[in-house]
Amino acid sequence: EAPWPAHCDGREALCEVVGRIAINRAVMIAVANSHAPGLQGFLNNVQALGLTNFMVVALDDALASKLGSLQIPYWLKKSNAAGNHKVSAQKFGIIKDFVEIGCSVLLSDT
């Protein structure tokens, strides 16, 4: 069987997290920056459900730092996008990154 995740060149950090948390090569993700309203409540609910294959795609250093301190799996993909529409437009490219490494992904809004 081929190594998994695959095609990790340039996506080593993503592959490390996905390889650690995926269940049957599947993950649930949320994409957010540090200004996302309601993020903490969403994270609390995900943790209460006991989902272990969940991670956040953090769009800025501030959120990545917070997630790290909370021990929530994340992948830092820096973005200057501001506002819901600009962040949402990036989600297709982010999903593509997951699919290209051989991962099934469910994207959830916070």
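Residues numbered from 1 in each chain as written. Predicted model: local features only at pLDDT ≥ 70, side-chain atom pairs only at ≥ 80, totals over all residues. Heavy atoms only, no water.

Q: So, the state of the cysteines: which residues are in play, and what are the values?
A: By the definition in use, this model includes one disulfide. A sulfur-sulfur distance of 2.0 Å marks the disulfide that ties Cys-8 to Cys-15. Negative torsions about the S-S bond denote left-handed disulfides, and the value of about -95° found for Cys-8 with Cys-15 makes this one left-handed. Here the two residues Cys-8 and Cys-15 agree in accessibility, since each one is buried. (Disulfide = S-S within 2.5 Å. Buried < 20%, exposed > 50% of the residue type's maximum accessible area, 1.4 Å probe, protein only.)

Q: Requested: an account of the side chain of Asn-33, with residues and values cited.
A: Relative to the helices and strands, Asn-33 is located in the loop between strand E1 (26–32) and helix H2 (39–49). A relative accessible area of 14% means that Asn-33 is categorised as buried. (Helix = DSSP H or I, 4+ residues; strand = E, 2+ residues; numbered from the N terminus.)

Q: So what about the nonpolar core? Which residues, and what values?
A: Generally speaking, nonpolar side chains in soluble globular proteins are found buried as a group. Of all hydrophobic cores here, the largest spans 18 residues; its most connected members are Ile-29, Met-55, Val-57, Ile-94 and Phe-98. Every element with two or more residues in this core is listed here: helix H1 (12–21), E1, strand E2 (54–58) and helix H4 (84–100). Among the elements that make up this core, the one with the highest residue count is H1 (five residues). Among all residues touching Met-55, those that are not within four sequence positions of it are Leu-14, Val-17, Val-18, Ile-21, Met-28, Ile-29, Ala-30, Pro-73, Tyr-74, Trp-75 and Phe-98. (Core = buried A, V, L, I, M, F, W, Y, C linked by side-chain atoms within 4.5 Å. Contact = heavy atoms within 4.5 Å.)

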